[in-house]
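One letter stands for each residue in the lines below.
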Amino acid sequence: MNKAKLIVANWKMNFFYKQAYNFCKKIISKKKQIKNNFIICPPSSLIFRLSNKFRQINFGAQDCSAVNEFGAYTGDINSKMLKDINCKYTLIGHSERRELYKEDESLISLKILSALKSNIKPILCVGENLNQKRRGDTKKILKYQLNKVLLKKKEFKKVIIAYEPVWAIGTGKTPSIEDISNTILYIKNVLAKKSSIYKNVLVLYGGSVNTNNSKLFLNNINIDGLLVGGASLIFNSFFSMLKHK
Ligand code: PGA
C-alpha cells in the first residue's frame, strides 16, 4: 500500500456557509473510506464556524498577515487570530497573491515567520510562470523562491511546500508526470542542501489537478500530496482523491 498523502483543498473565494457545511458534513459521513490526510482551506469568513462544527477536520487559511501583533492593519488577519479559531495551517505565497497583491519574497518570508511563531504550519507555494518556463528558468526561480524565505532554523521543519507552476493553475494544463516528479526531487535536493531540518519536508503538487490526473500524481513516490483548487469545490472529485490509496 502507498503511504498516505496530504491533500489540501484551496477553496479560494468560493462558498457560503451552507455549501461549505454540507460539503464537510458529507466528508465526515464517509470518513471510513478516506485513505489520505487532508486539509481544507476555506475563505476566512467560514473558518470559525466550520472548525467549531467539524473538530475532526483540519482547517487552513489561504493567507495570513506578516504582523504577529494586534494593530492598525485594516483587512488583515494574523496568525494568532487564526490559532484562536482552531486553524492549524495557512497557505502563504500563493501565486494569485503574488500576482494580484504584489507579494514578494520579503513579505512572504515575514508571513512564514509570523505563522511559525503562532505554531501555524505554513504551506509555501512556489512555481514558475510561463515566461520563466519558456526561458528554461524553472529551477533558477524555484531555488530563489525557496532560498529567499526558508531559514536553517528548526521550527522551519513544519513548513510544507506546494509546487504550483503558475501556468498550470486553473488552465487545465499540467506538466508531465516526469517533469513534476523531477521538479519535486529538485526542490527536495535544494532543501536538503540547505539544512538537515528539511529531510522530511513534504512537497505537494498543485495546478489543474482533477479526478483523472490525480491518480497518476498520487501514485508517484516523489509527490507527497496535492494542492487542489477548482476540483476541491466538487465533492465527488475531491472525495475521489481522499479515497485513493
Ligand atoms: P486549480 O488551482 O487546481 O484550480 O488549478 C490550484 C491552486 O490555485 O492552488
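This text follows the structure it describes.
Residues numbered from 1 in each chain as written. Predicted model: local features only at pLDDT ≥ 70, side-chain atom pairs only at ≥ 80, totals over all residues. Heavy atoms only, no water.

(A) Up close: the pattern of salt bridges. One pass over the full model with this rule turns up eleven salt bridges. The partner of Lys 111 in a salt bridge is Asp 63, with the nearest N and O atoms 2.8 Å apart. Pair noted here: Lys 111 is in helix α5 (residues 105-117) and Asp 63 is in the loop between β3 (58-61) and α3 (79-84), with a separation of 48 residues, a long-range link. On the basis of relative accessibility, which here comes to 21%, the residue Asp 63 falls in the partly exposed class. As a salt-bridge pair, Glu 105 and Arg 98 come within 2.7 Å of each other at their nearest N and O atoms. With respect to burial, Glu 105 and Arg 98 carry one shared label: buried. Connected via shared salt-bridge partners are Asp 63, Arg 97, Glu 103 and Lys 111. (Salt bridge = Lys/Arg side-chain N within 4 Å of Asp/Glu carboxyl O. Helix = DSSP H or I, 4+ residues; strand = E, 2+ residues; numbered from the N terminus. Buried < 20%, exposed > 50% of the residue type's maximum accessible area, 1.4 Å probe, protein only.)

(B) View of the sheet that holds strand β6 (residues 160-163). Read around the barrel, eight strands follow the order β1-β2-β3-β4-β5-β6-β7-β8 and close on themselves; strand pairing throughout is parallel. Strand-to-strand twist in this sheet, taken as the mean axis angle between neighbours without regard to direction, amounts to 25°. Relative to strand β2 (residues 37-41), strand β1 (residues 6-10) runs parallel, the two being bridged by five bridges. Paired with Val 8 across the bridge in β2 is Ile 39. (Pairing = 2+ DSSP bridges. Axes fitted to C-alpha atoms, helices over the stretch in contact; angles between N-to-C directions.)

(C) Looking closely at unusual backbone geometry. For Lys 12, which is not glycine, the phi torsion reads 50° and is therefore positive. Tracing the sequence through the fold places Lys 12 in the loop between β1 and α1 (17-29). The exposure class assigned to Lys 12 is partly exposed, which follows from its relative accessible area of 22%. Backbone geometry places Asn 86, a non-glycine residue, at a positive phi of 65°. For Asn 86, a relative accessible area of 30% puts it in the partly exposed group.

Geometric descriptors of this kind do not, in isolation, establish any biological role.
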